[in-house]
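Chain by chain, the residues:
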Amino acid sequence: MLLAVSAPPALFSSPTRAQQSAPATPVVVQPGAPGKPTKTLPPSTKGTLPPRSSADVEFMQGMIMHHQQAVEMTALIPSHTENKNLRSLGARISSSQSDEIKFMQRWLAARGEPISMAMPGMPDMDKSGHPMALMPGMLTPEQMDALRKSKGPEFDHLFLTGMIQHHNGALIMVKDLFDTAGAGQDADLFNFATDADNTQRAEIKIMQTMLENKPSEEKQ
């Protein structure tokens with residue numbers, strides 16, 4: 001990171017002298033590592049974006065596809081269940097992951113990268129044309145079909161178990177990213193991946209509790 005600051009005028013300088021003096025030359029400062037001093041760099045120094053890893057790009061492209069299936073799953077909720085808790089959870093997942101998809105698309109576009117992954121000979125496709133079973137945790141076409149055909153308590157169970165599987169897959173993707181040398185150094189990507197990991201861990205706990213409480217909920 002480079003910081004540009006202006007050198008302060010000399011103390012006790014007269015107004016006339018201050019008006020006649022040339023504008024202060026910007027001072028470019030490079031913060032040092034923890035415990036290390038800062039460095040003053042030449043005024044001509046230009047900031048550069050940190051090099052991005054191909055793993056960063058693939059992570060974002062893959063996570064877009066991963067999120068899209070989650071949004072597709074939540075879109076089934078209004079017509080497949082009357083469970084108020086599940087409806088509330090689904091709305092939250094749909095909203096957060098839709099926003100994250102837009103963020104990831106902007107991140108890729110700003111770096112001149114394609115939004116979709118280039119996968120020659122993609123096998124199974126879902127009804128939205130997304131490749132299936134390529135990202136960890138994604139539901140297979142058979143699982144998605146079963147979810148679409150179910151109603152009520154059966155749908156609730158398939159949705160919760162399927163979304164837990166889906167979220168666990170996202171956690172694997174984040175771990176794989178940070179386990180890759182040189183990946184995950186971009187600040188925006190790091191913050192996004194960390195937030196996504198925390199959010200999905202919390203939602204997994206909520207869904208596990210909903211599964212455990214399922215018998216009592218059905219009696220109400």
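Residues numbered from 1 in each chain as written. Predicted model: local features only at pLDDT ≥ 70, side-chain atom pairs only at ≥ 80, totals over all residues. Heavy atoms only, no water.

**Q** Explanation requested: the overall build of the protein chain in the structure shown.
**A** Within the protein chain, the secondary structure is distributed over 8 helices and 3 strands. From first element to last, N terminus to C terminus, the protein chain shows the α and β order β-α-β-β-α-α-α-α-α-α-α. Taking as baseline every contact in the protein chain between residues at least 6 positions apart, the subset at least 24 positions apart corresponds to 72%. Roughly 13100 Å² of accessible area belongs to the protein chain as shown, and the carbon and sulfur atoms make up 57% of that amount. (Helix = DSSP H or I, 4+ residues; strand = E, 2+ residues; numbered from the N terminus. Contact = heavy atoms within 4.5 Å. Areas by Shrake-Rupley, 256 points an atom, 1.4 Å probe, with all protein chains shown as cover.)

**Q** Which parts of the structure should I look at to understand the confidence of the model for the protein chain?
**A** Predicted coordinates in areas of low pLDDT are best not read in detail. Averaged over the protein chain, the pLDDT score is 82; the fraction of residues at 70 or greater is 68%. Per-residue pLDDT, averaged within each element of the protein chain, yields its smallest value for helix α8 (residues 214–219) (49) and its largest for helix α3 (residues 77–80) (98). With pLDDT under 50 throughout, residues 9–13 is counted as low confidence; its partners more than four residues away or in other chains account for 0 contacts. Across residues 216–220 the pLDDT falls below 50, and counting only partners more than four positions away or on other chains, this stretch makes 4 contacts in the model. (pLDDT = per-residue confidence, 0-100.)

**Q** Explain the pattern of salt bridges to me, please; I cannot follow it from the model alone.
**A** Oppositely charged side chains can pair when the atoms bearing their charge come close. Counting across every chain of the model gives 6 salt bridges. The closest approach of N and O atoms between Arg201 and Asp197, which form a salt bridge, is 2.7 Å. Residue Arg201 and its partner Asp197 are located together in helix α7 (residues 187–212), separated by 4 residues, close to a single helical turn. Its relative accessible area of 43% is what places Arg201 among the partly exposed residues. Among the charged side chains, a salt-bridge network with shared partners connects Glu72, Asp145 and Arg148. (Salt bridge = Lys/Arg side-chain N within 4 Å of Asp/Glu carboxyl O. Buried < 20%, exposed > 50% of the residue type's maximum accessible area, 1.4 Å probe, protein only.)

**Q** I keep staring at the packing of aromatic side chains and nothing clicks. Help me out?
**A** Any aromatic ring pair is given by two values, namely how distant the centres are and how the planes are angled relative to each other. What the rule picks out here adds up to 4 aromatic pairs. Arranged with centres 5.4 Å apart and planes meeting at 35 degrees, the rings of Phe103 and Phe192 form a pair that is tilted. Of this pair, Phe103 sits in helix α4 (residues 84–110) while Phe192 sits in helix α7, and the two are 89 residues apart along the sequence. Phe103 sits in the partly exposed class, given a relative accessible area of 24%. For Phe192, a relative accessible area of 7% gives the class buried. (Phe/Tyr/Trp six-rings, centres within 6.5 Å; stacked < 30°, edge-to-face > 60°.)

**Q** How should I be thinking about the packing of α4 against α7 in this particular structure?
**A** Each pair of packed helices can be summarised by the angle the axes make with each other and by the distance between the axes. For the pair α4 and α7, the least separation of the axes is 12 Å and the interaxial angle reads 165 degrees. In terms of orientation, α4 and α7 fall into the roughly antiparallel class. The hand of the α4/α7 crossing is left-handed. On α7, the residues touching Asn85, Leu86, Leu89, Arg92, Ile93, Ser96, Gln97, Glu100, Phe103, Met104 and Trp107 of α4 are Asp188, Leu189, Phe192, Gln200, Glu203, Ile206, Met207 and Met210. Taken together, the residues of the contact of α4 with α7 sort by class into 11 nonpolar, 4 polar and 4 charged. (Axes fitted to C-alpha atoms, helices over the stretch in contact; angles between N-to-C directions. Parallel < 35°, antiparallel > 145°, perpendicular 65-115°, else oblique. Left-handed = near helix turned anticlockwise from the far one by under 90°. Nonpolar A, V, L, I, M, F, W, Y, C, P; charged D, E, K, R; others polar.)

**Q** For this particular structure, what's the right way to read the side chain of His67?
**A** Inspection of the secondary structure puts His67 in helix α2 (residues 54–74). Sequence-distant contacts of His67, that is, excluding residues within four places in its chain, are made with Gln97, Glu100, Ile101, Met104, Phe192 and Gln200.

**Q** I tried to follow the environment of Phe159 on my own but got confused; where do I start?
**A** Relative to the helices and strands, Phe159 resides in helix α6 (residues 152–179). For Phe159, a relative accessible area of 0% translates into the label buried. Distance from Phe159 to Leu86, taken between C-alpha atoms, is 9.0 Å for residues 73 residues apart in sequence. Aside from chain neighbours lying at most four places away, what touches Phe159 is Met73, Thr74, Ile77, Leu86 and Leu147.

**Q** Which parts of the structure should I look at to understand α4?
**A** Spacing of three or four residues puts side chains on the same side of an α-helix, whose turn is 3.6 residues. Helix length check: α4 (27 residues) gives 39 Å between terminal C-alpha atoms against 39 Å at 1.5 Å per residue, within 8%. Three or more residues of α4 are buried, namely Leu86, Leu89, Gly90, Ile93, Gln97, Glu100, Ile101, Met104, Trp107 and Leu108. On the buried face of α4, the contacting elements are α2, α3, α6 and α7. Between the side-chain oxygen at the start of α4 and the backbone nitrogen of Asn85 there is a gap of 3.0 Å, and the oxygen is on Asn83. The positive-phi residue at the C-terminal boundary of α4 is Gly112, with phi of around 70 degrees. (Expected span 1.5 Å × (residues − 1). Polar contact = N/O pair within 3.5 Å; in protein donor to acceptor, adjacent residues only side chain to side chain.)

**Q** Quick question: what am I supposed to make of the nonpolar core here?
**A** Most often, soluble globular proteins keep nonpolar side chains buried together rather than apart. With 21 residues, the main nonpolar core has Phe59, Met60, Met63 and Met104 as its most contacted residues. Mapped by element, the contributors of at least two residues to this core are α2, α4, α6 and α7. For this core, the leading source of residues is α2, giving 7 residues. Once residues within four sequence positions are removed from consideration, Met104 is found in contact with Met60, Met63, Ile64, His67 and Phe192. (Core = buried A, V, L, I, M, F, W, Y, C linked by side-chain atoms within 4.5 Å.)

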